[in-house]
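Breakdown of the fold
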Amino acid sequence: MPNANAFMSGSDNYEVQWAGANGSKLFGSYVVGSKNPGTPTIVEKVTATLPYKITFSAPKNVLISAAGGTLNQGTVEIKIFRNGSECGKALLIGSGAMANKVCQ
(Lines give C-alpha, C1' and ligand atoms only; values in the text may rest on other atoms or scores of the structure.)
Protein backbone atom coordinates (compact mmCIF):
# COMPACT_ATOMS: atom_id res chain seq x y z
CA MET A 1 0.00 0.00 0.00
CA PRO A 2 1.26 3.52 -0.74
CA ASN A 3 2.36 5.52 2.29
CA ALA A 4 -0.88 7.22 3.28
CA ASN A 5 0.98 9.22 5.95
CA ALA A 6 2.18 11.57 3.23
CA PHE A 7 -1.36 12.97 2.92
CA MET A 8 -1.87 14.32 6.46
CA SER A 9 0.02 14.68 9.73
CA GLY A 10 -0.84 12.12 12.39
CA SER A 11 -1.91 8.59 11.71
CA ASP A 12 -3.78 5.59 13.09
CA ASN A 13 -2.74 1.94 12.83
CA TYR A 14 -5.24 -0.39 11.15
CA GLU A 15 -5.63 -4.14 10.84
CA VAL A 16 -8.22 -5.63 8.50
CA GLN A 17 -9.09 -9.31 8.97
CA TRP A 18 -11.05 -11.55 6.60
CA ALA A 19 -12.25 -14.90 8.00
CA GLY A 20 -14.39 -17.77 6.78
CA ALA A 21 -13.90 -21.39 5.79
CA ASN A 22 -10.16 -22.05 6.15
CA GLY A 23 -8.50 -22.47 2.80
CA SER A 24 -11.26 -20.76 0.79
CA LYS A 25 -10.06 -18.35 -1.90
CA LEU A 26 -10.80 -14.73 -0.92
CA PHE A 27 -11.50 -12.06 -3.53
CA GLY A 28 -11.80 -8.64 -1.93
CA SER A 29 -10.48 -5.16 -1.44
CA TYR A 30 -9.98 -2.40 1.08
CA VAL A 31 -10.30 1.34 0.67
CA VAL A 32 -8.64 4.25 2.46
CA GLY A 33 -10.91 7.18 1.71
CA SER A 34 -10.12 10.75 2.65
CA LYS A 35 -12.75 13.21 3.83
CA ASN A 36 -10.63 15.94 2.24
CA PRO A 37 -11.62 16.45 -1.42
CA GLY A 38 -8.01 17.28 -2.36
CA THR A 39 -6.65 13.97 -1.07
CA PRO A 40 -6.77 10.83 -3.23
CA THR A 41 -8.63 7.68 -2.22
CA ILE A 42 -6.54 4.49 -2.13
CA VAL A 43 -8.11 1.21 -3.29
CA GLU A 44 -6.18 -2.05 -2.86
CA LYS A 45 -7.18 -5.44 -4.28
CA VAL A 46 -6.89 -8.54 -2.07
CA THR A 47 -6.63 -12.06 -3.47
CA ALA A 48 -5.65 -14.53 -0.75
CA THR A 49 -6.60 -17.66 1.14
CA LEU A 50 -8.80 -17.39 4.25
CA PRO A 51 -8.06 -16.47 6.97
CA TYR A 52 -6.14 -13.36 5.89
CA LYS A 53 -5.13 -10.07 7.50
CA ILE A 54 -3.29 -6.91 6.53
CA THR A 55 -1.91 -4.08 8.67
CA PHE A 56 -1.18 -0.50 7.64
CA SER A 57 -1.09 3.09 8.87
CA ALA A 58 -3.41 5.76 7.51
CA PRO A 59 -3.99 9.44 8.27
CA LYS A 60 -6.38 10.36 11.05
CA ASN A 61 -10.00 11.04 10.08
CA VAL A 62 -10.12 8.75 7.06
CA LEU A 63 -12.78 6.23 6.12
CA ILE A 64 -11.62 2.61 5.94
CA SER A 65 -13.79 0.03 4.25
CA ALA A 66 -13.21 -3.59 3.31
CA ALA A 67 -15.15 -6.07 1.21
CA GLY A 68 -14.72 -9.71 0.32
CA GLY A 69 -16.32 -12.87 -0.94
CA THR A 70 -15.47 -16.41 -2.02
CA LEU A 71 -16.23 -18.38 -5.16
CA ASN A 72 -18.05 -21.06 -3.18
CA GLN A 73 -20.44 -18.43 -1.79
CA GLY A 74 -19.29 -19.11 1.76
CA THR A 75 -19.76 -16.51 4.45
CA VAL A 76 -16.89 -14.05 4.86
CA GLU A 77 -16.50 -12.16 8.14
CA ILE A 78 -14.57 -8.91 8.13
CA LYS A 79 -13.14 -7.11 11.16
CA ILE A 80 -11.43 -3.72 11.12
CA PHE A 81 -9.26 -2.63 14.05
CA ARG A 82 -8.08 0.97 14.61
CA ASN A 83 -5.21 1.30 17.09
CA GLY A 84 -6.02 -2.16 18.47
CA SER A 85 -9.76 -1.62 19.04
CA GLU A 86 -12.38 -3.15 16.76
CA CYS A 87 -14.45 -0.63 14.89
CA GLY A 88 -16.68 -0.73 11.92
CA LYS A 89 -20.23 -1.27 10.92
CA ALA A 90 -21.38 -4.22 8.86
CA LEU A 91 -23.20 -3.09 5.76
CA LEU A 92 -23.98 -6.51 4.25
CA ILE A 93 -22.97 -9.99 5.37
CA GLY A 94 -24.42 -13.29 4.24
CA SER A 95 -23.90 -16.52 2.40
CA GLY A 96 -23.57 -15.76 -1.28
CA ALA A 97 -23.44 -12.01 -0.62
CA MET A 98 -20.35 -9.86 -0.65
CA ALA A 99 -19.33 -8.88 2.88
CA ASN A 100 -18.66 -5.18 3.37
CA LYS A 101 -17.57 -3.29 6.49
CA VAL A 102 -16.79 0.39 7.16
CA CYS A 103 -14.74 2.11 9.88
CA GLN A 104 -15.10 5.89 10.34
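A brief look at the structure comes next. Not measured: the values here are computed from a predicted model.

**Overview of the overall build of the protein**
What the protein contains, in helices and strands, is 0 helices and 9 strands. When its helices and strands are written in sequence order, the protein yields β-β-β-β-β-β-β-β-β. For the protein, with 104 residues in total, the buried portion stands at 38%. In the protein, 65% of the contacts between residues at least 6 apart in sequence involve partners at least 24 apart. As displayed, the protein offers around 5,600 Å² of accessible surface, 49% of which is attributable to carbon and sulfur atoms.

**Points about the sheet that holds strand E7 (residues 85–87)**
Pairing is antiparallel across the open sheet formed by 4 strands, whose spatial order is E4-E1-E6-E7. In this open sheet, the two edge strands, each paired with only one partner strand, are strand E4 (52–59) and E7. Mean inter-strand twist for the sheet, computed between neighbouring axes without regard to direction, equals 30°. Judged from the 6 bridges that link them, strand E1 (residues 11–19) and strand E6 (residues 77–82) form a sheet pairing that is antiparallel.

**Digging into the pairing of strand E5 (residues 62–70)**
Of all the 9 residues making up E5, 8 are buried; the element is thus mostly covered by neighbouring parts of the structure. The pairing of strand E2 (residues 25–34) with E5 spans 9 bridges and is antiparallel. Bridge pairing links Gly28 to Gly68 in E5.

**Comments concerning the nonpolar core**
One finds Trp18, Phe56, Ile64 and Ile80 to be the most contacted residues of the largest nonpolar core, which totals 21 residues. Elements supplying a minimum of two residues to this core: E1, E2, strand E3 (42–49), E4, E5 and E6.

**As for the pattern of salt bridges**
Pairs can form between side chains of opposite charge once their charged atoms are near each other. Across all of its chains, the model carries 2 salt bridges by this definition. Two residues, Lys60 and Asp12, come together in a salt bridge whose shortest N-O distance is 2.7 Å. Linking Lys60 in the loop between E4 and E5 with Asp12 in strand E1, this pair joins segments that are 48 residues apart in sequence. With a relative accessible area of 36%, Lys60 lands in the partly exposed category. Taking the shortest distance from any N to any O, the salt bridge between Glu77 and Lys79 comes out at 4.0 Å.

Definitions and limits used
Residues numbered from 1 in each chain as written. Predicted model: local features only at pLDDT ≥ 70, side-chain atom pairs only at ≥ 80, totals over all residues. Heavy atoms only, no water. Helix = DSSP H or I, 4+ residues; strand = E, 2+ residues; numbered from the N terminus. Buried < 20%, exposed > 50% of the residue type's maximum accessible area, 1.4 Å probe, protein only. Contact = heavy atoms within 4.5 Å. Areas by Shrake-Rupley, 256 points an atom, 1.4 Å probe, with all protein chains shown as cover. Pairing = 2+ DSSP bridges. Axes fitted to C-alpha atoms, helices over the stretch in contact; angles between N-to-C directions. Core = buried A, V, L, I, M, F, W, Y, C linked by side-chain atoms within 4.5 Å. Salt bridge = Lys/Arg side-chain N within 4 Å of Asp/Glu carboxyl O.

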